[in-house]
Amino acid sequence: MAIRFSIAFQGSKPLKEYIRLARMVEQYDFDAITVYDDLMFKPTWPILTLIAEHTERVQVGPAIVHPFLVHPAYTAGNLAELDEISEGRAILGIGRGAFYEFLGIHPERPITAVREAIRLIRRLLAGDRTPFQGQVFTATPEASLRWKPLRADVPIFVGTWGPKMCQVAGELATETKSDCLWNPDYVKIIRQNIDMGARRAGRDPKDIGIAAGPLCAISNDREAARKMARLALAVYLPYLHPMTEVAGIAPEEIRRVREAAARGNFEEGATYVSDLSVQKCSVAGRPSDVIPQMETMIAAGVTHIAFGHPLGPDFEQALHLIGREIIPRFRR
């Protein structure tokens with residue numbers, strides 16, 4: 001399976017800025033642009049529409065939508081529109097999601113919900129009017145899109161690092177995408193569970209890829225990059241179970257980071273982030289530091305590197321370093 005490369009945008013920039021950045025991305029050999037659909041950031045679909053309208057080659061899609069915030073029928077409609085606007089370049093990332101505690105939401109049966117959401121979205125795109133009766137979602141024969149989507153089948157990946165959700169990806173998806181994954185030992189756990197789900201569904205496990213989406217801080221200034229990686233992990237580290245346990249990251253470190261984050265003091269939280277956490281959850285440093293790490297991850301079974309937020313102390317410099325110095329090393 002050829003190695004794919006993508007870049008993920010956070011929904012925190014002025015809308016028109018995404019047009020300029022997307023055009024810059026398409027100058028380089030990226031395969032896709034995704035936009036995080038995280039709570040309290042700008043909703044992803046308007047940003048994706050702008051990106052789709054101002055690019056010609058790359059795939060575009062959310063990474064990831066959550067069935068506990070938006071019904072899969074609404075997601076299917078947005079996805080079909082994005083596919084039409086992009087002329088067949090849409091992709092969809094779906095998963096359990098996070099940050100529900102902000103709204104007092106407690107997701108129940110996430111494995112079942114994601115599995116049923118994927119099936120319902122595919123049913124709607126295909127124009128299938130068969131009644132859908134799941135444990136979480138239901139659709140009558142009248143639940144049908146009132147227009148014909150450009151494609152009846154759009155690539156869907158599952159955002160997860162949980163073993164059971166990886167099995168869902170093996171059953172139904174094109175790949176998994178695990179944000180903050182940069183530990184080759186954990187790639188083996190993902191692969192084992194993808195294969196389990198694929199075989200259960202009668203699929204060839206080789207058809208399902210593994211995307212690693214590490215927090216990225218790439219710069220010619222190594223120390224500035226590592227400082228930024230710590231600051232980003234001060235936000236995300238408490239949510240990375242069970243990857244943190246497999247990596248051997250101390251529970252006390254995670255507790256301190258979580259408590260600082262709860263106070264909104266991410267700079268304090270960054271002081272608790274260890275070198276081990278930076279090593280196992282992010283890619284930080286100069287291109288000469290990053291390339292050997294990527295080689296290790298690819299050798300472990302990663303088929304897609306999804307360069308994630310914040311990218312670097314200087315976003316545009318990091319983008320150019322990735323496009324000019326990193327990706328070409330893997331395209332030869």
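Throughout what follows, the structure given in this document is the object of discussion.

Basis of the calculations
Residues numbered from 1 in each chain as written. Predicted model: local features only at pLDDT ≥ 70, side-chain atom pairs only at ≥ 80, totals over all residues. Heavy atoms only, no water. Phe/Tyr/Trp six-rings, centres within 6.5 Å; stacked < 30°, edge-to-face > 60°. Helix = DSSP H or I, 4+ residues; strand = E, 2+ residues; numbered from the N terminus. Buried < 20%, exposed > 50% of the residue type's maximum accessible area, 1.4 Å probe, protein only. Right-handed = clockwise from strand over helix to strand, strands pointing away. Pairing = 2+ DSSP bridges. Contact = heavy atoms within 4.5 Å. 1 Å grid on protein atoms, 1.4 Å probe; cavity = no way out; pocket = protein on both sides within 12 Å on 5 of 7 lines; lining within 4 Å. Points joined across faces, edges and corners; volume = space filled by probe spheres on them. Lys, Arg positive; Asp, Glu negative; His and termini not counted. Salt bridge = Lys/Arg side-chain N within 4 Å of Asp/Glu carboxyl O. Patch = residues over 30% accessible without salt bridge, like charges linked within 9 Å, V, L, I, M, F, W, Y side chains within 5 Å. Areas by Shrake-Rupley, 256 points an atom, 1.4 Å probe, with all protein chains shown as cover. Core = buried A, V, L, I, M, F, W, Y, C linked by side-chain atoms within 4.5 Å. Axes fitted to C-alpha atoms, helices over the stretch in contact; angles between N-to-C directions. Left-handed = near helix turned anticlockwise from the far one by under 90°. Nonpolar A, V, L, I, M, F, W, Y, C, P; charged D, E, K, R; others polar.

1. Here's the deal with the packing of aromatic side chains
Given two aromatic rings, one states the distance between the centres and the angle between the planes to describe the pair.
Phase 1 of the analysis: As enumerated under the stated definition, the model contains 5 aromatic pairs in all.
Phase 2 of the analysis: Judged by centre distance (6.3 Å) and plane angle (15 degrees), the ring pair of phenylalanine 5 and phenylalanine 307 falls under stacked. Of this pair, phenylalanine 5 sits in strand 1 (residues 4-9) while phenylalanine 307 sits in strand 12 (residues 304-311), placing them 302 residues apart in sequence.
Phase 3 of the analysis: Relative to phenylalanine 315, the ring of phenylalanine 9 lies with its centre 6.0 Å away and its plane at 45 degrees, an arrangement referred to as tilted. Note that phenylalanine 9 is positioned in strand 1 and phenylalanine 315 in helix 13 (residues 315-326), a separation of 306 residues in sequence.

2. Things to note about the pairing of strand 2 (residues 32-35)
Phase 1 of the analysis: What you see with strand 2 is no split at all: Ala32 and Thr34 on one side and Ile33 and Val35 on the other are buried throughout.
Phase 2 of the analysis: Traced from strand 1 through helix 1 (residues 15-26) to strand 2, the parallel crossover comes out right-handed.
Phase 3 of the analysis: Sheet topology places strand 2 next to strand 3 (residues 59-62); 4 bridges connect them, and they run parallel. When the sheet's bridge partners are listed, isoleucine 33 is paired in strand 3 with valine 60.
Phase 4 of the analysis: With helix 2 (residues 44-53) bridging strand 2 and the parallel strand 3, this β-α-β connection has right-handed handedness.

3. Thoughts on helix 2
Phase 1 of the analysis: Counting buried positions along helix 2 yields 7 of 10 residues, so the element is predominantly enclosed.
Phase 2 of the analysis: Buried residues of helix 2: Thr44, Trp45, Ile47, Leu48, Leu50, Ile51 and Ala52, and no others.
Phase 3 of the analysis: In this structure, the buried residues of helix 2 make contact with strand 1, helix 1, strand 2, strand 3, helix 3 (72-85) and strand 4 (92-95).

4. Examining the layout of surface pockets
Phase 1 of the analysis: Taken as a whole, the largest pocket holds about 760 Å³ of empty space.
Phase 2 of the analysis: The set of elements that each furnish at least two residues to the lining of the largest pocket consists of helix 4 (110-125), helix 5 (163-172) and strand 8 (175-179).
Phase 3 of the analysis: When its volume is computed, the second largest pocket comes out at roughly 530 Å³.
Phase 4 of the analysis: Phe99, Ala232, Val235, Tyr236 and Phe266 are the residues nearest the centre of the second largest pocket, which is lined by 23 residues in total.
Phase 5 of the analysis: Counting only elements with at least two residues in the lining of the second largest pocket, the list comes to helix 7 (222-236), helix 9 (251-262) and strand 12.

5. Topic: the side chain of lysine 280
Phase 1 of the analysis: Note on placement: lysine 280 falls in helix 11 (residues 275-281).
Phase 2 of the analysis: One buried charge, lysine 280, has no salt-bridge partner; the nearest side chain with opposite charge is aspartate 185, at 4.8 Å.
Phase 3 of the analysis: In this structure, lysine 280 is in contact with Cys180, Leu181, Trp182, Asn183 and Ala247, ignoring residues within four places of it in sequence.

6. A closer look at a nonpolar patch on the surface
Phase 1 of the analysis: A cluster of nonpolar side chains, namely Met40, Phe41, Leu69, Val70, Tyr74, Phe102 and Leu103, defines an oily patch on the protein surface of about 690 Å² accessible area.
Phase 2 of the analysis: In this fold, methionine 40 is placed in the loop between strand 2 and helix 2.
Phase 3 of the analysis: Assessed through its relative accessible area of 59%, methionine 40 is described here as exposed.

7. Details of the nonpolar core
Phase 1 of the analysis: If you look at the biggest cluster of nonpolar residues, it comprises 100 residues, and the most contacted ones within it are Phe9, Phe30 and Phe307.
Phase 2 of the analysis: When residues in this core are grouped by element, the largest group, 8 residues, is from helix 4.
Phase 3 of the analysis: Beyond its immediate chain neighbours, meaning those up to four positions away, phenylalanine 307 contacts Phe5, Ser6, Ile7, Ala8, Phe30, Pro214, Cys216, Ile218, Met294, Ile322, Ile326 and Ile327.
Phase 4 of the analysis: Counting 5 residues, the second largest nonpolar core, distinct from the first, contains Ala32, Ala63, Ile64 and Ile91.

8. Structural notes on the packing of helix 12 (residues 287-300) against helix 13
Phase 1 of the analysis: For the pair helix 12 and helix 13, interaxial distance at closest approach is 11 Å and the crossing angle is 60 degrees. The chirality of how helix 12 crosses helix 13 is right-handed. Contacts between helix 12 and helix 13 involve Pro287, Val290, Ile291 and Met294 on the former and, on the latter, Leu321, Glu325 and Ile326.
Phase 2 of the analysis: Residues belonging to the contact of helix 12 with helix 13 are distributed by class as follows: 6 nonpolar, no polar and 1 charged.

Purely geometric stuff here, so don't read any function into it on its own.
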